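Chain and residue survey
What follows is the residue order along each chain.
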Amino acid sequence: LNITGKPTVLINGASWSPAAGTTITWSKDTVYYLQGFVFVDSAVTLTIQAGTVIQGKSGTGSNASALVIARGGKIEANGTATEPIVFTYDGDNGGVDADLAAKNNRGQWGGLIILGNASLNSNPGETAVEGIPTSETRGLYGGNNDADNSGTLRYVSIRHGGTNIGADNEI
């Protein structure tokens, strides 16, 4: 990871709420630090430039963090082979033994969750994703639009995800 000297922007899930109909762009010149559940709501598009680093605050339970693309929201994350987009936790500095670090640091943060609007093979036709409290309606997936498009991921590395937010309730 090349984060040395780059400014950091805190994205606090409790207060980050772009207006419907907007496109937000995250630049490769900035490291984005996610705190809590950061939702890309319906009718919002998050565009992430190639080479961007996104770090989620490590933690479990109510201290967990994740980037959640809600139904109707979109992510356009188009990295390249030479400039991948990296989602990781705040303790990942891309050290020399990244493979060993990956094996020893599982579940440091929630990760990236994309919730679509296509039909499900279960009843009811929508379900709350595990890891997000059922009281959070933006954590629902499923619906009746089999042509739903939640965006694009190309050359994206998602590291150290899968934190536990409660007993038998992982992201």
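Preceding this section is the structure that the text describes.
Let me begin by describing the structure that accompanies this report. (Residues numbered from 1 in each chain as written. Predicted model: local features only at pLDDT ≥ 70, side-chain atom pairs only at ≥ 80, totals over all residues. Heavy atoms only, no water.)

A word on the pairing of strand S4 (residues 37-40)
What you see with S4 is no split at all: Phe37 and Phe39 on one side and Val38 and Val40 on the other are buried throughout. Where S4 lies against strand S7 (residues 66-69), 4 bridges are found, and the strand directions are parallel. Pairing of Val38 across the sheet is with Leu67, part of S7. (Buried < 20%, exposed > 50% of the residue type's maximum accessible area, 1.4 Å probe, protein only. Helix = DSSP H or I, 4+ residues; strand = E, 2+ residues; numbered from the N terminus. Pairing = 2+ DSSP bridges.)

Digging into the pattern of salt bridges
Close approach of charged atoms lets side chains of opposite charge pair. Counting across every chain of the model gives 5 salt bridges. For the salt bridge of Arg138 with Asp41, the shortest nitrogen-to-oxygen distance reads 3.2 Å. Separated by 97 residues along the polypeptide, Arg138 in the loop between strand S11 (127-128) and strand S12 (140-141) and Asp41 in the loop between S4 and strand S5 (45-48) bring together distant segments of the chain. Exposure remark for Arg138: the relative accessible area of 28% places this residue in the partly exposed category. In this structure, Arg159 and Asp92 form a salt bridge, with 3.5 Å as the shortest nitrogen-oxygen distance. Within this pair, whereas Arg159 is found in the segment after strand S14 (156-158), its partner Asp92 is found in the loop between strand S9 (85-89) and helix H1 (98-104), the two being separated by 67 residues in sequence. Residue classification places Arg159 among the partly exposed positions, given a relative accessible area of 26%. Taking the relative accessible area as the measure of exposure, Asp92 reaches 9% and is therefore buried. (Salt bridge = Lys/Arg side-chain N within 4 Å of Asp/Glu carboxyl O.)

Notes on the sheet that holds strand S8 (residues 74-78)
Strands sit in the order S2-S5-S8-S13 across an open sheet of 4 strands; the sheet is parallel. Pairing within the sheet leaves two strands with one partner each, and these edge strands are strand S2 (23-26) and strand S13 (151-154). Mean inter-strand twist for the sheet, computed between neighbouring axes without regard to direction, equals 20°. As defined by bridge partners, S8 adjoins S13 across 4 bridges and the pair is classed as parallel. Paired with Asn78 across the two strands is Arg154, which belongs to S13. (Axes fitted to C-alpha atoms, helices over the stretch in contact; angles between N-to-C directions.)

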